[in-house]
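# Reading the structure
Letter by letter, the chains look like this.
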Amino acid sequence: MSIYISPPFGTWINLKNTISIRGSFTPDPRSGLIRQIFKTLRYTKRGWVNKIGLRNPGIRKVSFDTSSVVSLAALNDDWDKFIDIVPAGQKIELNLSCPNVYNYFINPATLTHFILKYDWISCKLSPNNDIFNQCDFLSYYGINRIHLSNTVSVDKGGLSGKEVKKFNLQYIPQIQKQFPGLEIIAGGGIYSPQDFCDYKILGITNFSLSTIFFTPWKVKKVLQVVKN
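Below you will find a few notes about this structure. Here the structure is a predicted model, which means the values were calculated and not measured. (Residues numbered from 1 in each chain as written. Predicted model: local features only at pLDDT ≥ 70, side-chain atom pairs only at ≥ 80, totals over all residues. Heavy atoms only, no water.)

## Focus: helix α5 (residues 193-200)
Taken as a whole, α5 has its buried residues at D195, F196 and Y199. For α5, the buried positions fall inside an angular range of 100° around the axis, keeping them on one side. (Buried < 20%, exposed > 50% of the residue type's maximum accessible area, 1.4 Å probe, protein only. Helix = DSSP H or I, 4+ residues; strand = E, 2+ residues; numbered from the N terminus. Arc of directions from axis to C-beta.)

## Some points on the pairing of strand β7 (residues 121-124)
Along β7, one buried face is formed by I121 and C123 and the opposite face, lined by S122 and K124, is buried too. Note that strand β6 (residues 91-95) and β7 share four bridges and pair parallel. The partner of N95 across the bridge, within β7, is K124. Pairing geometry for β7 and strand β8 (residues 145-148), over two bridges, is parallel. Among the inter-strand pairings, K124 is bridged to a residue of β8, identified as H147. (Pairing = 2+ DSSP bridges.)

## Quick look at the packing of helix α3 (residues 131-140) against helix α4 (residues 162-178)
Where α3 contacts α4, the axes come no closer than 11 Å and their chain directions differ by 40°. Classed by the angle they form, the pair α3 and α4 counts as oblique. Two packed elements cross with a definite hand, and for α3 against α4 that hand is right-handed. When α3 is examined against α4, the residues I131, F132 and C135 are found in contact with a partner set consisting of F167, Y171, Q174, I175 and Q178. Looking at side-chain class alone, the contact of α3 with α4 contains six nonpolar, two polar and no charged residues. (Axes fitted to C-alpha atoms, helices over the stretch in contact; angles between N-to-C directions. Parallel < 35°, antiparallel > 145°, perpendicular 65-115°, else oblique. Left-handed = near helix turned anticlockwise from the far one by under 90°. Contact = heavy atoms within 4.5 Å. Nonpolar A, V, L, I, M, F, W, Y, C, P; charged D, E, K, R; others polar.)

## Comments concerning the sheet that holds β7
Pairing in this closed barrel of eight strands is parallel, and the strands run β1-β2-β5-β6-β7-β8-β11-β12 around the ring. Averaged over neighbouring strand pairs, the angle between their axes works out to 25° when direction is ignored. Of the strand pairs in this sheet, β8 and strand β11 (residues 183-187) are connected by four bridges, and their pairing is parallel. Bridge assignment links L148 to a residue of β11, and that residue is A186. Contacts from α4 reach β8 and β11 within the one sheet, and its direction differs from that of β11 by about 165°.

Set out below in structure tokens:
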């Protein structure tokens, strides 16, 4: 069983017996992180909404290490820029799902380059796209690990939390049946021990936490249940 701390919190938080996912980082810097947080981060009845749009210092500012996962996100299909910068031993996540930037995809030739260079790859997917087409494409080219899922696209940005959990619980059983070779990291709406159990009952053994860190006093209770 593995517990991941997803972006943005994984960039700054490292906890014992967890794996931090740092990023997502783009090939070139995207400034304005603090401004976008104050401008767009809001709590609504449906959950947290943001429109940060991958604001980050760029991949060249990253200190790589094998104990964490580095999340990568490309705009305008410029994925190839990562290949010469990110060392082969690094665990990587390909973020194919951010709702706050332009639509983008990774072409088969570039995906093959990543598979040939990196031993550990996870692809983070979007609940707004055809999830089965995404899984079919990725598994065909040799990806065996997916992260479900990113925020749900709404008018004012990306909605996280319970809405993501609803999507995951609906589609995980179908994905497991149709793509038995795909390892699933499940994340979205894990705020309580019950949320964790709702995923575990589906046979999930890899989990990611993120939005719960807005209420850090809940983290310890969830992690205690997960460890048991």
